[in-house]
Amino acid sequence: MKVTEYFKKAEGNTLISFEVLPPLKGGSMKSIFDALDPLMEFKPPFIDVTYHREDFIYRKKSTGYYEKAAIRKRPGTIGICASIMHRYGVDAVPHLICGGFTKEDTENALIDLNFLNIQNVLALRGDARKIEGQFIAEEGGNDYAIDLVTQIAEMNKGKYLDDDIETGEKTDFCIGIAGYPEKHFEAPNLEFDLKWLKAKVDAGAHYIVTQMFFDNSKYFKFVKDCRAAGIDVPIVPGLKPITKKHQLTTLPRIFHLDLPSDLVKEVENATTPKAKEQVGIEWCIQQSKELKEGGAPCLHYYTMGDSKTFRKIVEAVY
Ligand code: FAD
């Protein structure tokens, strides 16, 4: 079933969804099942699986020179989605990115998804490779998420890249996209970012999942700004608790977000790692409760495989 159909069926109740990432290459599905088994009693209608582009690494050769090698550390997104659907009977939402894909690769991946009866896709641009500093699309690939959304929307109309296909099967993907309550870090300002967010929706996206945030007023303002800009699709807040002190600096650096002073103070003042974790969990519980009361269609938890923490949060909220 489509993610947006779940929202409609929920009739205003706030759903819950989890996001997992594929294991490092060489790992097994067991790690995914171990992470999800303890969370399934909360009945998430869908589970997202992230996509990880290859990155370059430098290997030192016996001559002393370095060779550049492309490595994908976390392959397997589509297979994991199929496995999740098979084991739990819930929908899985693969993330699909522009980076590393030609348009033909994208089309082939979408054909696989369609044949597997995976009806939902989160369409993203992806980040820059670490050594490149800025996002560089594959030659013949999509430059921005809007181009990927457009390609999926075209397939939903039965239009494939090959012009000779005149009556191709119409796929029926429900398309999710990313939104940034604190603005995407490359956008010069929020208005610019909202303009392209609206363009993604106009191109065929059906719902938005936000980057994590720790101050709910930013989400509520973002929703208001989106509505004022004519964006009328569901906007799902993405949530993750702080569980370790180092995240006070790593999360802002990686995800380009602000942490509220009260949260920072409370984490710093807590005297043990366990107490710091408890502060982060409590904060996330309070955020979740307020977002639920504020009418969020779904709470989307970035679990990163940490089922123990998320059980505590969800048990307190639902
Ligand atoms: P876009 O919508 O393409 O926007 C990128 C930037 O370009 C923005 O600043 C925007 O304002 C601007 N822009 C957009 N369109 C245009 C245009 N046509 N012309 C000029 N400027 C434009 N990354 C992964 O690699 N794998 C994942 O699984 C993954 N999952 C994610 C899930 C969520 C919910 C979120 C919020 C992010 C996720 N990301 C993931 C990270 C994401 O790929 C990065 O944030 C990336 O930098 C931007 O992706 P986007 O889809 O928002 O890009």
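Above: the structure in question.
Owing to the predicted nature of the structure, the values given are computational and were not obtained by experimental measurement.

Colleague: So what exactly am I meant to see when it comes to the site of the ligand here?
Modeller: Taken together, the neighbourhood of the ligand is formed by 24 residues, with Y51, D127, Y180, D193 and K200 sitting nearest. With respect to the ligand, the side chain of H95 contributes an N or O atom lying 2.9 Å from an oxygen atom. Residue A187 places a main-chain N or O atom 3.4 Å away from an oxygen atom belonging to the ligand. For the ligand, whose free accessible area comes to 970 Å², the fraction covered by protein is 88%. Those elements giving two or more residues to the shell around the ligand turn out to be β5 (91–97), β6 (120–124), α5 (145–156), α6 (190–202) and β8 (207–212). Tallying contributions element by element places α6 first for the shell around the ligand, with 4 residues. Among the residues making up the shell around the ligand, the classes are represented as 14 nonpolar, 5 polar and 5 charged.

Colleague: Sorry if this is basic, but what is going on with the packing of α5 against α6 here?
Modeller: When two helices pack together, their arrangement is given by the angle between the helix axes and the distance between those axes. Where α5 meets α6, the closest approach of the two axes is 9 Å, and the angle between their N-to-C directions is 10°. As judged from the angle between their axes, α5 and α6 are roughly parallel. Residues A145, I146 and V149 of α5 lie in contact with α6, whose contacting residues are W196, A199 and K200. In the contact of α5 with α6, the residues fall into 5 nonpolar, no polar and 1 charged.

Colleague: It is not clear to me how a nonpolar patch on the surface should be interpreted in this structure. Could you clarify?
Modeller: A cluster of nonpolar residues, Y58, Y66 and I131, forms a patch on the protein surface that exposes about 340 Å² of accessible area. Position of Y66 among the secondary structure elements: in strand β4 (residues 66–71).

Colleague: Got a minute to help me understand the packing of aromatic side chains in this structure?
Modeller: What the rule picks out here adds up to 8 aromatic pairs. Aromatic pair F7 and F46: ring centres 6.3 Å apart, planes at 70°, arrangement edge-to-face. Pair noted here: F7 is in helix α1 (residues 3–10) and F46 is in strand β2 (residues 46–49), with a separation of 39 residues, a long-range link. Comparing F7 with F46, the two get one shared label, buried. Arranged with centres 6.1 Å apart and planes meeting at 85°, the rings of F7 and Y207 form a pair that is edge-to-face.

Cut-offs applied
Residues numbered from 1 in each chain as written. Predicted model: local features only at pLDDT ≥ 70, side-chain atom pairs only at ≥ 80, totals over all residues. Heavy atoms only, no water. Near = heavy atom within 4 Å. Polar contact = N/O pair within 3.5 Å; in protein donor to acceptor, adjacent residues only side chain to side chain. Areas by Shrake-Rupley, 256 points an atom, 1.4 Å probe, with all protein chains shown as cover. Helix = DSSP H or I, 4+ residues; strand = E, 2+ residues; numbered from the N terminus. Nonpolar A, V, L, I, M, F, W, Y, C, P; charged D, E, K, R; others polar. Axes fitted to C-alpha atoms, helices over the stretch in contact; angles between N-to-C directions. Parallel < 35°, antiparallel > 145°, perpendicular 65-115°, else oblique. Contact = heavy atoms within 4.5 Å. Patch = residues over 30% accessible without salt bridge, like charges linked within 9 Å, V, L, I, M, F, W, Y side chains within 5 Å. Salt bridge = Lys/Arg side-chain N within 4 Å of Asp/Glu carboxyl O. Phe/Tyr/Trp six-rings, centres within 6.5 Å; stacked < 30°, edge-to-face > 60°. Buried < 20%, exposed > 50% of the residue type's maximum accessible area, 1.4 Å probe, protein only.

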